[in-house]
Amino acid sequence: VSDVVNFRGCDDTDLAAPFSVKDSADINAFANLFLGQAPIVDFAEPLGVHDLADIAGFVQRFAVGCP
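In what follows, the accompanying structure is described.

**What about the overall build of the protein chain?**
And then number 1: If you tally the helices and strands in the protein chain, you get 2 helices and 0 strands.
And then number 2: Here the protein chain holds 67 residues, and 30% of them are scored as buried.
And then number 3: Partitioning the contacts of the protein chain with sequence separation of at least 6, the portion at a separation of at least 24 is 39%.
And then number 4: Just so you have it, the protein chain exposes about 4400 Å², and 60% of that area is on carbon and sulfur atoms.

Structure (structure tokens):
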């Protein structure tokens, strides 16, 4: 059993279609998942706690873009 999700996008911040393109749909998906405290968007320590560090982690990863 694994808690790893098979991502269709280019990385773990590419959360919404169209995949392999980071855009506002990914930001909206992150916001909804974050508010729902989904483990998939728990990007920073302490794991299991959704806080500002997770938002910062998302922004840093999102800014990298898709290869």
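**Some thoughts on a nonpolar patch on the surface**
And then number 1: A contiguous nonpolar surface patch, about 280 Å² in accessible area, is contributed by L52, I55 and V59.
And then number 2: By secondary structure assignment, the location of L52 is in helix α2 (residues 52-64).

**Looking at the state of the cysteines**
Note on terminology: a disulfide is the covalent bond linking the sulfur atoms of two cysteines.
And then number 1: In the structure shown here, the tally under the stated rule is 1 disulfide.
And then number 2: Note that C10 is cross-linked by a disulfide to C66, the S-S spacing being 2.0 Å. Here the S-S torsion is close to -55°, and the disulfide linking C10 with C66 is therefore left-handed. Of this pair, C10 sits in the segment before α1 (24-35) while C66 sits in the segment after α2, placing them 56 residues apart in sequence.

**Concerning the side chain of H50**
And then number 1: Here H50 is to be found in the loop between α1 and α2.
And then number 2: Take H50: its relative accessible area is 18%, and that puts it in the buried class.
And then number 3: Only 2.8 Å separates the side chain of H50 from the backbone oxygen of A38, close enough to count as a polar contact.
And then number 4: Not counting chain neighbours up to four residues away, the residues in contact with H50 comprise F34, Q37, A38, P39, V41 and D42.

**As for α2**
And then number 1: Compared with the 18 Å implied by 1.5 Å per residue over 13 residues, the 19 Å span of α2 between its first and last C-alpha is a close match.
And then number 2: Those residues of α2 not exposed but buried are D54, G57, F58 and F62. For α2, the angular spread of buried residues about the axis comes to 125°, placing them on one side. Turned more than 90 degrees away from the buried face of α2, the exposed residues are L52, Q60, A63 and V64.
And then number 3: Of the surrounding secondary structure, the elements contacted by the buried residues of α2 are α1.
And then number 4: G65 sits one or two residues past α2 and shows a positive phi near 85°.

What counts and how
Residue positions within a chain follow its written sequence, with the count starting from 1. Reporting of local features is limited, given that this is a predicted model, to residues whose pLDDT is at least 70; pairs of side-chain atoms are given and counted only at 80 or more, and all residues count toward the totals for whole chains, interfaces and linings. Excluding hydrogens and water, the side-chain figures rest on all heavy atoms present in the structure. Strands here mean DSSP runs of E at least two residues long; helices mean DSSP runs of H or I at least four residues long; both are numbered from the N terminus. For each residue, the accessible area found with a 1.4 Å probe, counting protein chains only, is set against the maximum for its type, and the residue is called buried under 20%, exposed over 50%, and partly exposed in between. When checking whether two residues touch, look at their non-hydrogen atoms; a contact exists if any pair is within 4.5 Å. To be clear on the numbers: accessible area is Shrake-Rupley with a 1.4 Å probe, and residue cover counts the displayed protein chains and nothing else. Surface patches are defined over residues having more than 30% relative accessible area and no salt bridge, joining like charges when they lie within 9 Å and nonpolar side chains (Val, Leu, Ile, Met, Phe, Trp, Tyr) when within 5 Å. Take a side-chain nitrogen of Lys or Arg and a carboxyl oxygen of Asp or Glu: if they are within 4 Å of each other, that pair is a salt bridge. By convention in this document, the label disulfide applies to cysteine sulfur atom pairs within 2.5 Å. In protein, a polar contact requires one atom able to donate a hydrogen and another able to accept it; more generally it is a pair of N or O atoms within 3.5 Å, and residues adjacent in sequence count only if both atoms are side-chain atoms. Given a helix with a known number of residues, its expected span is that number minus one, times 1.5 Å. The arc in question is the one traced by the directions running from the helix axis out to the C-beta atoms.

Any functional reading would require information beyond the geometric quantities listed.
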